[in-house]
Amino acid sequence: ASITKQFTAMLIMQLVAEGKLALDVPIAQYLPDYPKANAGRITLHHLLSHSSGTPNYTDFPNYREMMVQPHSTAELLRMFADSTLAFTPGERFAYSNSGYMVLGAIVEQITGMSYAQALQERIFTPLGMASSGVDNGRTVLKKRASGYDVSGSTVTNAYFIDMSTPFSAGAIYSTVEDLFLWDQALYTEKLLPKQYRDLMFQPHISTGGGSYGYGWGIGELGEGNGKEKSRMVSHSGGINGFNTLITRIPADSLLVVLLNNSSNAPLSTMTLAINGILHDQPYDMPRKSL
């Protein structure tokens, strides 16, 4: 799900480091067919930090109907590209899956590859992430997890979603082991020089309870029930039948990855408790919701 966004941000920053993109240039320069009224005002920085004002297409009234249909990149952009911006770009934070779809389209435009190919060549293959990719319903994946919805004691299959719909905002599949390889690479220059990597983890805009960098949330995590807190970079994800959470504590080189195939497990509470265990602090066991 939305853990995908940090990979999209990495692709963009790689292209910035190569001099093929600039963070402060209007995206009209990269997407000539995108409506100029918006493309002339929005930059990569705005999109990466969720401060573009682009309406979030997953909040649209017809989302339930459209999510089951396959979509090309151009079709996805047409859903929101000419929408009125919710605010002046850069004014504030407002989470937008749409904005990260625009970033995926820019990756495709600049590299001449599909988003899936760019991820494979630039990230997954170099890091040996053999169990990661962009999901699509026609590919047979060994040990693919099915997603479920849980309501009380009732378990049902999650509603279908065609995985072309979340695209570069949420379509990656992976494993805990592969995400550990990703985490370890983020301490090195294997994918990106340090000066550009640091920009990803820099607090660019306030989210109310923390800050957002490029594809990562930035804040503090309690150490169980202890008084101390750890600086963390993290991101959650939620999609039909699944919820996910990746949390990095760089100062201690710690990583907590939770991937769940039912829709509502208390992953934040679990991560808090795990951080308590890792720091020898008291913690509470997660409780089932009433």
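**Some remarks on the overall build of the protein**
Piece 1. The secondary structure content of the protein amounts to 11 helices and 10 strands.
Piece 2. The proportion of buried residues among the 290 residues of the protein is 50%.
Piece 3. Long-range contacts, defined as pairs at least 24 residues apart, comprise 64% of the intrachain contacts of the protein with a sequence gap of at least 6.
Piece 4. One way to put it: in the protein the 21 positive side-chain charges average out to a point 2 Å from where the 24 negative ones average out.

**A closer look at the nonpolar core**
Within soluble globular proteins, side chains that are nonpolar generally end up buried alongside one another.
Piece 1. If you look at the biggest cluster of nonpolar residues, it comprises 69 residues, and the most contacted ones within it are F7, I106, I123 and W182.
Piece 2. Each residue touching W182, except ones within four places of it in the same chain, is listed here: Q6, F7, M10, I123, L127, M129, L191, W216 and I246.

**What about unusual backbone geometry?**
Piece 1. The phi torsion at K143 lies on the positive side, around 65°, for a residue other than glycine.
Piece 2. Relative to the elements of secondary structure, K143 occurs in the loop between strand 1 (133–134) and strand 2 (148–151).
Piece 3. The phi torsion at F167 lies on the positive side, around 45°, for a residue other than glycine.
Piece 4. Structurally, the position occupied by F167 is in helix 8 (residues 167–170).
Piece 5. Of the residues examined, F167 reaches a relative accessible area of 10% and is grouped as buried.

**A closer look at the layout of surface pockets**
Piece 1. Empty space within the largest pocket amounts to approximately 1,300 Å³.
Piece 2. D135, R144, M163, I172 and Y173 are, among the 50 residues lining the largest pocket, the residues nearest its centre.
Piece 3. Elements represented by at least two residues in the lining of the largest pocket include exactly helix 1 (4–17), helix 5 (73–78), helix 7 (115–127), helix 8, strand 4 (172–173), helix 9 (176–185), strand 9 (242–249) and strand 10 (254–260).
Piece 4. Top contributing element to the lining of the largest pocket by residue count: helix 9, with three residues.
Piece 5. When the residues that make up the lining of the largest pocket are grouped by side-chain class, the tally is 24 nonpolar, 18 polar and eight charged.

**Observations regarding a nonpolar patch on the surface**
Piece 1. A contiguous nonpolar patch, built from I277, Y283 and M285 and spanning about 320 Å² of accessible area, is present on the exposed surface.
Piece 2. Residue placement: Y283 occurs in the segment after helix 11 (267–278).

**Digging into the packing of aromatic side chains**
Describing an aromatic ring pair means giving the distance of the ring centres and the angle of the ring planes.
Piece 1. Evaluated as defined, the whole model comprises six aromatic pairs.
Piece 2. Here F7 and W182 contribute two aromatic rings whose centre-to-centre distance is 4.0 Å and whose plane-to-plane angle is 25°, an arrangement assigned as stacked. Within this pair, whereas F7 is found in helix 1, its partner W182 is found in helix 9, the two being separated by 175 residues in sequence.
Piece 3. Under the relative-accessibility criterion, F7 is labelled buried at 1%.

Rules used throughout
Residues numbered from 1 in each chain as written. Predicted model: local features only at pLDDT ≥ 70, side-chain atom pairs only at ≥ 80, totals over all residues. Heavy atoms only, no water. Helix = DSSP H or I, 4+ residues; strand = E, 2+ residues; numbered from the N terminus. Buried < 20%, exposed > 50% of the residue type's maximum accessible area, 1.4 Å probe, protein only. Contact = heavy atoms within 4.5 Å. Lys, Arg positive; Asp, Glu negative; His and termini not counted. Charge placed at Lys NZ, Arg CZ, Asp CG, Glu CD. Core = buried A, V, L, I, M, F, W, Y, C linked by side-chain atoms within 4.5 Å. 1 Å grid on protein atoms, 1.4 Å probe; cavity = no way out; pocket = protein on both sides within 12 Å on 5 of 7 lines; lining within 4 Å. Points joined across faces, edges and corners; volume = space filled by probe spheres on them. Nonpolar A, V, L, I, M, F, W, Y, C, P; charged D, E, K, R; others polar. Patch = residues over 30% accessible without salt bridge, like charges linked within 9 Å, V, L, I, M, F, W, Y side chains within 5 Å. Areas by Shrake-Rupley, 256 points an atom, 1.4 Å probe, with all protein chains shown as cover. Salt bridge = Lys/Arg side-chain N within 4 Å of Asp/Glu carboxyl O. Phe/Tyr/Trp six-rings, centres within 6.5 Å; stacked < 30°, edge-to-face > 60°.

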